[in-house]
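# Reading the structure
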Amino acid sequence: MPKCERIRRELPQYAVGGLQGRARGRVLRHIESCSACRTELAALERTGALIGSAGPLSAPPETWPAISAAIVARPRPHGHPAAFRSWRVALGIVTVLILIIGVVFVRPFHSSSPPVTVTVTAEMEAGDDDTPATMESHLAAQWSTPLADEAAVGLRMSDLEGS
Amino acid sequence: MDREANDLAGLVARARSGDVGAFESLYHSLQAGMYSFIRSQVREAELAADLTQQTFVRAWESLPRLRQDGAFVGWLHRIAANLVRDEIKSGHARLEIAASDVLDDPLPDQRATSPEEAAVFQGLKAAVWAALGQLPPDQRAAVVMHHMEGMSVTEIAQAMKCRPGTVMSRLSRAREALRRRLSSYVEDSDAEM
Amino acid sequence: MAPPPRAGRAGPGVGWGGARLLSGPRARILLAAAALLLLSVSLAFAASAWQDIWNSESAAKRVSVEGDLRTRTVVGGRELSATAHVHAANGKLRLDYRSTRRQWTLIDDGTRLIRFSPDRGTAVAQPRFSLATDRTLAERNYTARIAGRADVAGRPVRAVEVLPRAGGPVTWRLWLDRETGFVLKRERYNVDGRLTSGTQYTSVQFGVSVSPDVFVIPKDWKIEDREGASHSLSVSELSKQVGFDVVSPRYIPRGFVLQGGYVESHRRSGRVSAELRYTDGLRILNVSQRLRGKDDNGEAESDRGGRRPGADRGEGGGDRRGRGGEGEHERGFGFGRPDRQGMTLVDRGSEKALRYFGKHRVVVAVGDLSRRELVRIVTSVD
């Protein structure tokens, strides 16, 4: 079987990070010199990005109220059977204490966090000032970490500079 | 300050003791992923919403049986998968989705900055979901969990009760199939070399 | 004289019968000894692999080098590549890059990182952040193993792999020159197992004489000094410097420890954030926060000519497309506030950046972690 054909069959696995060791090395060496396979790999990687950009979908807003109504109508989740009643009492006391500490010292999580969804992008948005600042800091810190690939970090720094 | 109060396992523990507010927080953190996962397996949006609701209600009821708080997400996926399977067996759902189903998605996308861009994006989203609909269910589930819910291969393996290698295999076969089905979008997007 | 065999015991008589070796207490001792030997050998190999890695770190400072390399890295959906001519000596490094589009130079003179392009005439310098290598931390969180032998740039090398002890794909593959220990090739894989950067020497000479002038910018160049910290602050010192109480994330992934706090300057807006930096010995996690300002409330991103982040699908964000944010709310929003909400994740391959508009703070986390981990981190701040 011609080499390109063999490598092409392995490219999807390579694209999702499923190849290890020699097989991965074989693909990597091949794509360094084969622009057709490199193009195909890029297409596979872009496919991954496209999938991510199409979701996730969100449940309709009326879903939580329906859940809330259903669970309020049902008994609370039970703890352990009767044999562990003393453990349950102890756990209950500890939980109450934690909740008291939480109420006194910490704003309750659910009341301070509105629901959020995550938007995924491949590039930083124009007008976003916060992310580039932290990214610059991250790259500068990476430069000095053990095993840092300084050549590659430098390449990303120049890309960030230009963006 | 309780370090775990605000992370997932902490919320699960609080929900287990009957804290509805903690369970609501869990819902809001996980609803998009669970809905997408279920939506990728059934035909109608309304049915997916209904199954999402049932998943969370069942999770609330069964929480005492969950052995490890940290395993909540995988466990939730298994509840959802069982509910989907029951629906299919009862003949109420079919394991396929059409592009038109996704266009009925009730919440419009607001990333676009013009109506034209919105239309283009909606078309892309519909095409991706239609292409997903043509994958075998296990591949589709793995793709949604990985690309849309951000789950790692290990987390997906735990949820699907299979080996990480099997997950990788599903993801790579799905990637290959989707690359062909979405070729017009893939070849149009920018790629700087 | 050996004792006679016990009644009922199978096998040959007194002597080195194979069946006798495999049964009874002697067999258990032999098996235990074999297991111990295997364990010792494995540990020795692991220790040897780590020793090779730490030797390579010191080699980079000890050995003078001139050579050419090829480097490739993934940024989002793009692949960047370049060649570079390298000079390294006495802990300093110079890389003269060349890509299909342009040329530029990067110098690490030990105290600053300096970048300049011949066509720009201006050099940008920032303090070089120094992090003492915490070998114990790295070895606690990662395991190293010898992966074989090969040749790179015509020189025999030893291949070493580094992977997280908690499980997951290989993080680093390194090819170490057998004579000097210098890293001639390396590959970095992200938390998803994807190859995100690779650098390989195509030619190299060791022990060359490198002039100190190589690491100095020409006198007629204008230098723009960028702010940057060369040493870390405690959380309380950082709070004083930025003028608000810095909140430590209540969730940080296992294995990461706080390395220190830094003041982070935003070049475009002049804002200042408080950054907490964590490390697991090999990876860095940056978590920045600032207080939400008036211009974070109700202003559409499109007003500033860019896309609007996060607030889609009816959850959060009351404004759209140039409107001031008062009164126009998204369907399903339900909270009655026009504030910016939501999270935006930029997946650059080598790392992910998640920006989160919390109730009181804007939080950004950058690191090579899963999306789920980043969400947990930022939501544990606000």
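Since the structure is predicted, the reported quantities are computational estimates derived from the model, not experimental observations. (Residues numbered from 1 in each chain as written. Chains lettered and ligands numbered in written order. Predicted model: local features only at pLDDT ≥ 70, side-chain atom pairs only at ≥ 80, totals over all residues.)

### A word on the overall build of chain C
Filter applied, for reference: Each helix is a run of H or I in the DSSP string that is no shorter than four residues. Each strand is a run of E no shorter than two, and both are numbered from the N terminus. Here a residue counts as buried when 20 or more other C-beta atoms fall within 10 Å of its C-beta, as exposed when 12 or fewer do, and as partly exposed in between; the C-beta atoms come from the backbone. Note on contacts: residues are paired as contacts if their backbone-placed C-beta atoms lie within 7 Å.
The helix and strand tally for chain C stands at 5 helices and 18 strands. The buried share among the 382 residues of chain C stands at 41%. Relative to all contacts within chain C whose residues are 6 or more apart in sequence, the contacts with residues 24 or more apart total 47%.

### Notes on the overall build of chain B
Of regular secondary structure, chain B possesses 10 helices and 0 strands. The order of α-helices and β-strands along chain B, N terminus first, is α-α-α-α-α-α-α-α-α-α. Burial analysis of chain B (193 residues in total) assigns 46% to the buried set. Counted over contacts in chain B with a minimum sequence separation of 6, partners at least 24 positions apart contribute 63%.

### As for the sheet that holds strand β3 (residues 92–98) of chain C
Residue and element names in this part refer to chain C. Threshold: Any two strands between which DSSP finds at least two bridges are classified as paired. Every axis in this analysis is a line fitted to C-alpha atoms, fitted for helices over the stretch in contact. Angles between the N-to-C directions lie between 0 and 180 degrees.
With mixed pairing, the 12 strands of this open sheet are ordered in space as β7-β8-β9-β10-β11-β1-β2-β3-β4-β5-β6-β12. Where the open sheet ends on each side, the last strands, each with one partner, are β7 (142–152) and β12 (222–225). Along the sheet, successive strands turn relative to each other by an average axial angle of 20°, direction set aside. Of the strand pairs in this sheet, strand β9 (residues 172–177) and strand β10 (residues 183–189) are connected by 5 bridges, and their pairing is antiparallel. Paired with tryptophan 172 across the bridge in β10 is arginine 188.

### Digging into the packing of helix α3 (residues 45–62) of chain B against helix α4 (residues 72–89) of chain B
Axes are the key here: two packed helices are described by the angle between their axes and the distance separating the axes. All names here are of chain B. Using the following cut-off: Roughly parallel means an angle under 35 degrees; roughly antiparallel means over 145; roughly perpendicular covers 65 to 115; every other angle is labelled oblique. Should the near helix be turned counterclockwise from the far one by less than a right angle, the crossing is left-handed, whereas a clockwise turn marks it as right-handed. Only Asp, Glu, Lys and Arg are considered charged in this grouping, and only Ala, Val, Leu, Ile, Met, Phe, Trp, Tyr, Cys and Pro are considered nonpolar; every other residue, Gly among them, is considered polar.
Here α3 crosses α4 at 130°, and the two axes come no closer than 9 Å. On the basis of the axis angle, α3 is oblique to α4. Seen along the crossing, α3 lies across α4 with a hand that is right-handed. Residues Leu51, Gln54, Thr55, Arg58 and Ala59 of α3 form the contact with α4, whose own contacting residues are Leu76, Ile79, Ala80, Leu83, Val84 and Glu87. Along the lines of polarity and charge, the residues of the contact of α3 with α4 split into 7 nonpolar, 2 polar and 2 charged.

### Digging into the packing of helix α7 (residues 137–148) of chain B against helix α8 (residues 153–160) of chain B
Residues and elements named next belong to chain B. α8 packs onto α7 with a crossing angle of 140° between their chain directions and a minimal axis gap of 10 Å. Overall, the two elements α7 and α8 adopt an arrangement that is oblique. Considering the relative orientation of α7 and α8, their crossing is right-handed. On α8, the residues touching Ala141, Ala142, Met145 and His146 of α7 are Ile156, Ala159 and Met160. Class assignment for the residues of the contact of α7 with α8 results in 6 nonpolar, 1 polar and no charged.

### Notes on the confidence of the model for chain B
All names here are of chain B. Defined as follows: The quantity known as pLDDT measures the predictor's confidence residue by residue, on a range of 0 to 100.
Here chain B averages 79 in pLDDT, while 80% of its residues score no lower than 70. No element of chain B has a lower mean pLDDT than helix α5 (residues 99–103), which averages 49, and none a higher one than helix α9 (residues 164–181), which averages 92. In the predicted structure, residues 103–110 sits below a pLDDT of 50 and forms 20 contacts with residues beyond four places in sequence or in another chain.

### A short note on the confidence of the model for chain C
Residue and element names in this part refer to chain C. Looking at chain C, the pLDDT average stands at 78 and 79% of residues meet or exceed 70. Long-range and interchain partners of residues 1–18, a stretch whose pLDDT sits below 50, account for 8 contacts in this model, where long-range means more than four residues apart. Within the model, the stretch residues 298–339 combines pLDDT values under 50 with 109 contacts to residues more than four positions away or in other chains. Predicted complex, confidence summary: ipTM 0.79, pTM 0.55.

### Topic: the pairing of β7(C)
Residues and elements named next belong to chain C. Bridge count between β7 and strand β8 (residues 155–164): 10 bridges; the pairing is antiparallel. Its bridge partner being in β8, arginine 149 is matched across the sheet by arginine 158. Connecting β7 to the next strand, β8, in antiparallel fashion are 2 residues, including alanine 153 with a positive phi near 50°.

### Here's the deal with helix α3 (residues 35–53) of chain A
The condition is simple: Helices are assigned an expected span. That span is 1.5 Å times one less than the residue count.
With 19 residues, α3(A) extends 27 Å between its outermost C-alpha atoms, agreeing within 8% with the 27 Å of an ideal straight helix rising 1.5 Å per residue. Turning to α3(A), its buried residues number three or more, namely A:Cys37, A:Leu41, A:Ala42, A:Leu44, A:Glu45, A:Arg46, A:Thr47, A:Gly48, A:Leu50, A:Ile51, A:Gly52 and A:Ser53.

### Thoughts on the environment of C:Arg226
Residues and elements named next belong to chain C. Mapped onto the fold, arginine 226 is located in the loop between β12 and α4 (235–242). With 16 C-beta atoms counted inside 10 Å, the residue arginine 226 sits in the partly exposed group. As for arginine 226 and valine 124, which are separated by 102 residues in sequence, their C-alpha atoms are 6.8 Å apart. Ignoring sequence-local partners within four residues, the contact set of arginine 226 consists of Val124, Ala125 and Gln126.

### Considering helix α5 (residues 371–379) of chain C
Along α5(C), 8 of the 9 residues are buried, which leaves the element largely enclosed by surrounding structure. Within the sequence span of α5(C), burial applies to C:Arg371, C:Glu373, C:Leu374, C:Val375, C:Arg376, C:Ile377, C:Val378 and C:Thr379.

### Remarks on unusual backbone geometry
Of note, A:Leu147 is a non-glycine position whose phi angle comes to about 70°, a positive value. Take A:Leu147: it is sitting in the loop between α7 (130–143) and α8 (150–162). Residue class for A:Leu147 comes out buried when judged on the 21 C-beta atoms lying within 10 Å of it. At B:Lys161, a position not held by glycine, the phi torsion is positive, near 55°. As for its position among the elements, B:Lys161 is in the loop between α8 and α9.

### Examining the environment of B:Leu76
Residue and element names in this part refer to chain B. Structurally, the position occupied by leucine 76 is in helix α4. Between the C-alpha atoms of leucine 76 and phenylalanine 56, which are 20 residues apart in sequence, the distance is 7.8 Å. Residues contacting leucine 76, with those up to four places away along its chain left out, are Leu30, Met34, Thr55 and Ala59.

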